[in-house]
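Secondary and tertiary structure notes
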Amino acid sequence: QLAPHDPLEISPDHFMKPPSLERPLGSDHVGRDALSRIIVGTRTSLFVAFIAVAVAKTFGFSWGILTGYLGGKFDLFSQRFLDVLISFPGVILALLLLAGLGAGLYTVIIAIAATGVAGTTRVIRSVAMSVREMTYVEAATASGASQLRIMVKHVAPQCIAPLMVVASASLGGAIFAEAALSFLGLGIPPPNPSLGNMLGGVLGDVFKPPWWLAVFPGVTITLTILAFN
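The structure contained in this document is the topic of the report that follows. Since the model is a prediction, treat every value here as computed from it, not as a measurement.

**Digging into the side chain of D75**
With respect to the element layout, D75 can be found in helix α2 (residues 72-87). With relative accessibility at 11%, the residue D75 sits in the buried group. Of the polar contacts made by the side chain of D75, one reaches the side chain of T67; its length is 2.6 Å.

**A closer look at helix α6 (residues 147-155)**
Taken together, the buried positions of α6 are I150, M151 and V155. Projected down its long axis, α6 carries its buried residues within an arc of 95 degrees, all on one side.

**Some details on the nonpolar core**
With 31 residues, the main nonpolar core has V48, V108, I112, L181 and I221 as its most contacted residues. For this core, the secondary-structure elements that each account for two or more residues are α1 (34-70), α3 (90-101), α4 (105-132), α7 (160-183), α8 (195-205) and α9 (211-228). Contacts of V108, omitting those with residues within four sequence positions, involve V48, L98, E178, L181, L186, G187 and I188.

**As for the packing of aromatic side chains**
For the coordinates displayed, the defined rule picks out four aromatic pairs. Ring geometry for W63 and F81: centres 5.9 Å apart, planes at 35 degrees, overall tilted. Placement of the pair is W63 in helix α1 and F81 in helix α2, with a sequence separation of 18 residues. Seen from their ring centres, W211 and W212 are 5.9 Å apart, and the 90 degrees between their planes marks the pair as edge-to-face. Here the aromatic cluster, defined as three or more aromatic residues joined through ring pairs, consists of W211, W212 and F216.

**Thoughts on the layout of surface pockets**
Gaps between atoms show up when a probe of the same size as a water molecule is rolled over them. Quantified by volume, the second largest pocket comes out at close to 230 Å³. Lining the second largest pocket are 15 residues, and of these I112, T115, G116, G173 and A174 sit closest to its centre. Elements supplying a minimum of two residues to the lining of the second largest pocket: α1, α3, α4 and α7. The class makeup of the residues in the lining of the second largest pocket is nine nonpolar, five polar and one charged.

**A closer look at α3**
Across its twelve residues, α3 extends 16 Å between first and last C-alpha, which sits within 8% of the 16 Å expected from 1.5 Å per residue. Residues of α3 that are buried make contact with α2, α4 and α7. Just downstream of α3, G102 is the residue with a positive phi angle, here 90 degrees.

**Regarding the environment of D6**
Secondary-structure assignment places D6 in the segment before α1. Classification of D6 as partly exposed rests on a relative accessible area of 42%. When the C-alpha positions of D6 and F216 are compared, they lie 18 Å apart, and in sequence the two are 210 residues distant.

**Description of the side chain of T120**
On the secondary structure map, T120 appears in helix α4. Within the structure, the side chain of T120 is placed 2.7 Å from the side chain of K57, a separation counted as a polar contact. Residue contacts for T120: discarding those within four places in its chain leaves K57, G60, F61, L163 and V166.

**A few points about the packing of α1 against α2**
Two elements in contact, α1 and α2, have axes whose closest approach is 7 Å; the angle formed by their N-to-C orientations is 135 degrees. The angle between the axes of α1 and α2 places the two elements in the oblique class. For the pair α1 and α2, the crossing hand works out as left-handed. Two secondary-structure elements touch here, α1 through W63, L66, T67 and L70 and α2 through G72, F74, D75, S78, Q79, F81 and L82.

Cut-offs and rules
- Residue numbers run consecutively from 1 along every chain, following the written order of its sequence.
- Confidence filtering applies because this is a predicted model: local features only for residues at pLDDT of at least 70, side-chain atom pairs given and counted only at 80 or more, and all residues used for totals across whole chains, interfaces and linings.
- As a rule here, side-chain values cover all heavy atoms of the structure and leave hydrogens and water aside.
- In this description a helix means any DSSP run of H or I spanning at least four residues, a strand means any run of E spanning at least two, and both kinds are numbered starting from the N terminus.
- Throughout, exposure labels follow a simple rule: accessible area from a 1.4 Å probe, protein chains only, divided by the maximum for the residue type, with under 20% read as buried, over 50% as exposed, and the rest as partly exposed.
- Polar contact criterion, stated in full: a pair of N or O atoms within 3.5 Å, where within protein one must be able to donate a hydrogen and the other to accept it, and residues adjacent in sequence count only if both atoms are side-chain atoms.
- The directions considered for the arc are those from the helix axis to the C-beta atoms.
- Within this scheme, the nonpolar core is defined by two criteria: the residues are buried Ala, Val, Leu, Ile, Met, Phe, Trp, Tyr or Cys, and they are joined through side-chain atoms within 4.5 Å.
- The contact criterion used throughout is that any non-hydrogen atoms of two residues lie within 4.5 Å.
- Aromatic pairs are defined between Phe, Tyr and Trp rings, using the six-membered ring for Trp, whenever the two ring centres lie within 6.5 Å; interplanar angles under 30 degrees are classed as stacked, those over 60 as edge-to-face, and all others as tilted.
- Buriedness of a pocket was judged along seven lines, with at least five required to meet protein on both sides within 12 Å; pockets are open sets of points on a 1 Å grid over the protein atoms alone, cavities are sets where a 1.4 Å probe fits but cannot get out, and lining residues have an atom within 4 Å of a point.
- Grid points are joined across faces, edges and corners, and a volume is the space filled by probe spheres set on the points.
- Asp, Glu, Lys and Arg are counted as charged, while Ala, Val, Leu, Ile, Met, Phe, Trp, Tyr, Cys and Pro are counted as nonpolar; the rest, among them Gly, fall into the polar class.
- The span one expects for a helix is its residue count, reduced by one, times 1.5 Å.
- Lines fitted to C-alpha atoms define the axes here, with helix axes fitted over just the stretch in contact, and angles between the N-to-C directions of these axes take values from 0 to 180 degrees.
- The scheme is simple: roughly parallel for angles under 35 degrees, roughly antiparallel for over 145, roughly perpendicular for 65 to 115, oblique for anything else.
- A crossing counts as left-handed when the near helix is turned anticlockwise from the far one by less than a right angle, and as right-handed when that turn is clockwise.

Structure below.
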């Protein structure tokens, strides 16, 4: 609804044309409208970021409550596994997963989501451990409530506020991760536009690309991440 042109439409009359009244952000090396591709690419990047964060936080939230409330050996083994995940830089871990899964929209989502589970689990675990010691949890245990009921009815609601903070703070990182993976050629496959592959594609074609093909997607990525942060 917003893009003035089809982002995939090739126009020989507009090869590498700079910004003009007809095309405010110029055209790329095959004549596609840069503004339309940025608009649609932003939608793609936001879709990937929101779904990846939702998946990561759902797993991290559930895992954090389980390991924080149950404790014992389950908590011990969980923390050692999380140590392994956290030891990998996020983009490197995502690259390893994409190398095995292959590039594509949903594999990018899985890769980005996997990098966000460990941090969320650690935060929710710490909250769950403090809630576990509350008097009303002890009262629920004394009244015969099951562990599952206590976790769902008493522990989980107290963990929602920190979850919202972690999720909102993670959106900027997810957008950056998608842009980085697409820039390296392992993200959203062309010709479908995303902010990262617009930058990576133009830099892969020519050593010194036209300024508008590097500046406008880069500024869009920067402003989007700053907005969420």
